[in-house]
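Results of the structural survey
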Amino acid sequence: MAYEDVPGVVETHEALGEITLVVDPARLVEACAHLRDAHGFNMLSDIAATDYLGWGEEPVSGYVGTVAGRDLNDPSTQGLARVPAPKPKRFSVSYHLLRVSDEPARVRVQAWLDDGEGVESVIRVWPAADWFERETYDMMGISFEGHPNLVRILMPEDWEGHPQRKDYPLGGEPVRFSDED
Amino acid sequence: MAVVPTRRIYEGTRIPSPIPTVLQVDPAKHALDDILQINFGPNHPSTHGVLRLVVDLDGETVAGLRAVIGYLHTGFEKNMEAKTWWKSVTYAPRIDYVSFQANELLYVLAVEKLLGIEVPRRATWTRMALAELTRIHSHLIWLGTSALEIGAISLLWYSFDDRDLVLDLFELIGGTRMHTRYFQVGGLAEDVPPRFTDEARKFCDFFPRSIDEYEALLDRQAIWLQRTKGIGLLSAEDALALGQSGPILRASGVDWDLRKRMPYLFYDEVEFDVPVYENGDVYDRYKVHMDEMRESVRIVRQCLDRIDETDGEPWIADDRKVVLPPRHELHTSMESLIHHFKIVTEGYTVPEGEVYVVIESPRGENGCYLVSDGGPRPWRVKFRAPSFAALQATAAVAQGGLIADLIAVAASLDPVMGDADR
């Protein structure tokens, strides 16, 4: 497809009929503004971040009941049939764009980040990014520079940790009265 | 006709600045010592769940507004990542508990896309029929509760009465009235029971008259018109910028429906119209909901014919690595028993990859982003909740309005808090 003119694109790949543009995080806003203005992507459908900590290696955290994670000896778990392709960095942030017009189209803009790295907010390109970025910050701990109100949205304000990270255990909430006689 | 209209509902933009979702009190316009800040919710009876609006009032006028959500956050996505692909289907319908089949459909469609599995025709037609019945169910709840909040109490009883008929159909087909888990990866859990199409046709014959009755009660009701017309305005540009979808977008004049524009299932093979209204107010959102119910009945009728035509055809894909074997085979076939055991305990594996599948749910653009590492459990599940996006518009639509209208305006965005908070 003709997305060669988008600035900051590092890699383009198409799988299962979906086009992914991997962009340099430093030029993300530039790329998004170009996609909006030159390609007509007038709607930000979603921002979805993924934590690839432990991708393709064992143990993987996040399994019910164990801190260490996916256990080969436990029922309902199994080793991977093959090791999945390595990922460049720990986090991916995927921006799913939609063109609302007579020629509808979708494209995924993806930026890769390490823990502690932030990315510039696209709130000036699409105001809809406001809550999506807050949710991503809340769930993954990725900071969006230039966001005017980057506070937690789903978890309570004083919550510690970011629940969707793979090193955040499921069921980590202490149960009241459980250690009392 | 252009998708995005050129007609202006109001001049310029109403999206607050610098934070698009927070309306701040403008000191130039309001005497600040007269501002009263109140909490509207999270347990207010007319907030459609646990939505909290922090409202700054200047007299009775909304001068500032901030929506606070998260009270119903239950970590669905995290939980689904800890379950096998097979088990996590159960979670999906509980996210948006008012349009459960839509979320269930979305999740199985996303998993099927990763698997590259072919779904039989009969299953797809049944899925479409049920998806449209879910739309009717969801819109009926919206109509009843929204009208109740404005004071039209009787409508709640009428619409919930009809909603029960839809739930009867779900019970007939899936055994439970809500959260049927009738859609499986690869097709359906069971074949369509013989009585279903007849019963559903009876409903299709009966229901359009009900819609006429609702409109007879509301369309010429002076109070209803005064409380819905011209309030909660949202222009097409602002709606797109704020990521609005579904009935909200269509009430703002945008001719956009994924079922027409980016068809999935067999929506390109059925006849239906997309209702579009252009005033962008609460009344037009109500009209879109009413018209959509009529169109859904049209689609359901066409699906029922196809379900009858495909009688005797398979209702689930024949892929023993993914699909549970038929129950009767477990007593006679060793291989079937092994497959059943493996799928239920270990789960099937899904090829490595990422997908973003979107359907037109009753609330609009409902998306599911899945990442698989090739293992038996999803690596990442992320839902694009239309209610979450809809609530971003509260500050834009409620500004300058009266506190009494805030209830009607918030309801017109049709948020389901389970969907927004996940």
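Each remark here, short or long, concerns the structure printed above.
Only a predicted model underlies this, so the values are computations on that prediction, with no experimental measurement involved.

**Here we look at the overall build of chain B**
- The helix and strand inventory of chain B stands at 17 helices and 9 strands.
- Relative to the globule expectation of 22 Å for 422 residues, the C-alpha radius of gyration of chain B, 22 Å, shows essentially globular dimensions.
- Expressed as lengths along the three principal axes of its C-alpha atoms, the size of chain B is roughly 80 × 45 × 40 Å.
- Buried residues in chain B amount to 55% of all 422 residues.

**Some remarks on the environment of Met140 of chain A**
Residues and elements named next belong to chain A.
- Tracing the backbone through its elements, the reader meets Met140 in helix α2 (residues 129-140).
- Measuring from C-alpha to C-alpha, the distance between Met140 and Ala49 comes to 7.1 Å, with 91 residues separating the pair along the chain.
- Setting aside residues up to four positions removed in sequence, Met140 forms contacts with Ala49, Asp51, Phe91, His162, Gln164 and Arg165.

**What about the sheet that holds strand β4 (residues 61-68) of chain B?**
Residue and element names in this part refer to chain B.
- Judged by pairing direction, the sheet is antiparallel, and its 4 strands sit side by side in the order β1-β4-β3-β2 without closing on themselves. The open sheet has two edge strands, β1 (22-23) and β2 (35-40), and neither has a second partner.
- Of the strand pairs in this sheet, β1 and β4 are connected by 2 bridges, and their pairing is antiparallel. Paired with Leu23 across the two strands is Leu65, which belongs to β4.
- Where helix α16 (residues 403-412) meets the sheet, it contacts β2, β3 (52-58) and β4, and its direction lies at approximately 150° from that of β3.

**Focus: α2 of chain A**
- Look at α2 of chain A: 16 Å from first C-alpha to last across 12 residues, which is about the 16 Å you get at 1.5 Å a residue.
- Those residues of α2 of chain A that are buried are in contact with β3 (43-51), β4 (91-99) and β7 (144-145) of chain A together with α14 (386-391) of chain B.
- Where α2 of chain A terminates, the next one or two residues include Gly141 of chain A, which has phi positive at roughly 75°.

**A few points about the packing of helix α5 (residues 121-150) of chain B against α16 of chain B**
Residues and elements named next belong to chain B.
- One way to put it is that α5 packs onto α16 with a least axis distance of 9 Å and a crossing angle of 170°. Judged by the angle between their axes, α5 and α16 are roughly antiparallel. The residues of α16 that touch α5, namely those facing Thr145, Ser146, Glu149 and Ile150, are Ile407, Ala408, Ala411 and Ser412.
- The class makeup of the residues in the contact of α5 with α16 is 4 nonpolar, 3 polar and 1 charged.

**Some points on unusual backbone geometry**
All names here are of chain B.
- Between Ser17 and Pro18 the backbone carries a cis peptide bond, its omega angle lying at 0°.
- By the secondary structure assignment, Pro18 is in the segment before β1.
- At His179, a position not held by glycine, the phi torsion is positive, near 50°.
- With respect to the helices and strands, the residue His179 is situated in the loop between α6 (153-174) and β5 (183-184).
- Classification of His179 by C-beta neighbours within 10 Å gives partly exposed; the count is 18.

**Describing the nonpolar core**
All names here are of chain B.
- Residues Leu106, Ala110, Val111 and Ala129 are the most contacted members of the largest nonpolar core, which totals 169 residues.
- Element by element, the count of residues in this core is highest for α5, at 14 residues.
- In this view, Ala129 contacts Ala200, Val300, Cys303, Leu304 and Ile307; residues no more than four positions away in its chain are not counted.

**Details of the interface of chain B and chain A**
- On the side of chain A, 43 residues touch chain B, which itself brings 50 residues to the contact.
- Going through the elements one at a time, α1 (76-82), α9 (236-241), β7 (353-361), β8 (364-372), β9 (380-384) and α14 of chain B are the ones with two or more residues in the side of chain B that touches chain A.
- Looking at the side of chain B that touches chain A, its residues break down into 23 nonpolar, 14 polar and 13 charged.

**What about the environment of Gly118 of chain A?**
- With respect to the helices and strands, Gly118 of chain A occurs in the loop between β5 (105-113) and β6 (119-120).
- Each C-alpha atom, one on Gly118 of chain A and one on Pro25 of chain A, is 8.5 Å from the other, the two residues being 93 residues apart in sequence.

**Quick look at the packing of helix α7 (residues 196-218) of chain B against helix α12 (residues 282-309) of chain B**
Residue and element names in this part refer to chain B.
- Two elements in contact, α7 and α12, have axes whose closest approach is 10 Å; the angle formed by their N-to-C orientations is 165°. Classified by the angle their axes make, α7 and α12 are roughly antiparallel. Pair α7 / α12 crosses with left-handed handedness. Each of Thr197, Ala200, Arg201, Cys204, Phe207, Pro208, Ile211, Tyr214 and Glu215 in α7 lies in contact with α12, whose residues at this interface are Met290, Met293, Arg294, Val297, Val300, Arg301, Leu304, Ile307 and Asp308.
- Class assignment for the residues of the contact of α7 with α12 results in 12 nonpolar, 1 polar and 5 charged.

**A few points about the pairing of β3 of chain A**
Residues and elements named next belong to chain A.
- Most of β3 is tucked away, with 9 of its 9 residues classed as buried.
- Pairing of β3 with β4, which is carried by 8 bridges, proceeds in the antiparallel orientation. Across the sheet, the residue bridging to Ala48 is Ser94, located in β4.

Definitions and limits used
- Sequence order as written defines the numbering, with residues in each chain counted from 1.
- The lettering of chains begins at A and the numbering of ligands begins at 1, in the order of writing.
- Two thresholds apply to this predicted model, a pLDDT of at least 70 for residue-level local features and 80 or more for giving and counting side-chain atom pairs, whereas whole-chain, interface and lining totals are computed over all residues.
- Numbering of helices and strands runs from the N terminus, with a helix taken as a DSSP run of H or I at least four residues long and a strand as a DSSP run of E at least two residues long.
- As defined in this context, the radius of gyration uses C-alpha atoms, and a globule is described by 2.2 Å times the residue total to the power 0.38.
- To sort residues by burial, count the other C-beta atoms lying within 10 Å of each one's C-beta; a count of 20 or more means buried, 12 or fewer means exposed, and anything in between means partly exposed. C-beta atoms are built from the backbone.
- Here, residues touch in the contact sense if the C-beta positions derived from the backbone fall within 7 Å of one another.
- Criterion used throughout: strands pair if DSSP finds at least two bridges between them.
- Helix axes are fitted only over the stretch in contact, all axes being lines through C-alpha atoms; the angle between N-to-C directions runs from 0 to 180 degrees.
- One less than the residue count of a helix, multiplied by 1.5 Å, gives the span that helix is expected to have.
- When describing relative orientation, an angle under 35 degrees is termed roughly parallel and one over 145 degrees roughly antiparallel, while 65 to 115 degrees is termed roughly perpendicular and anything else oblique.
- Residues are grouped as follows: Ala, Val, Leu, Ile, Met, Phe, Trp, Tyr, Cys and Pro are nonpolar; Asp, Glu, Lys and Arg are charged; all remaining types, including Gly, are polar.
- We define the nonpolar core as any set of buried residues of the types Ala, Val, Leu, Ile, Met, Phe, Trp, Tyr and Cys, connected via C-beta atoms lying within 7 Å of each other.
- By definition, turning the near helix anticlockwise from the far helix through less than a right angle yields a left-handed crossing, and turning it clockwise yields a right-handed one.

Take it as geometry only, folks, not as evidence of what the structure does.
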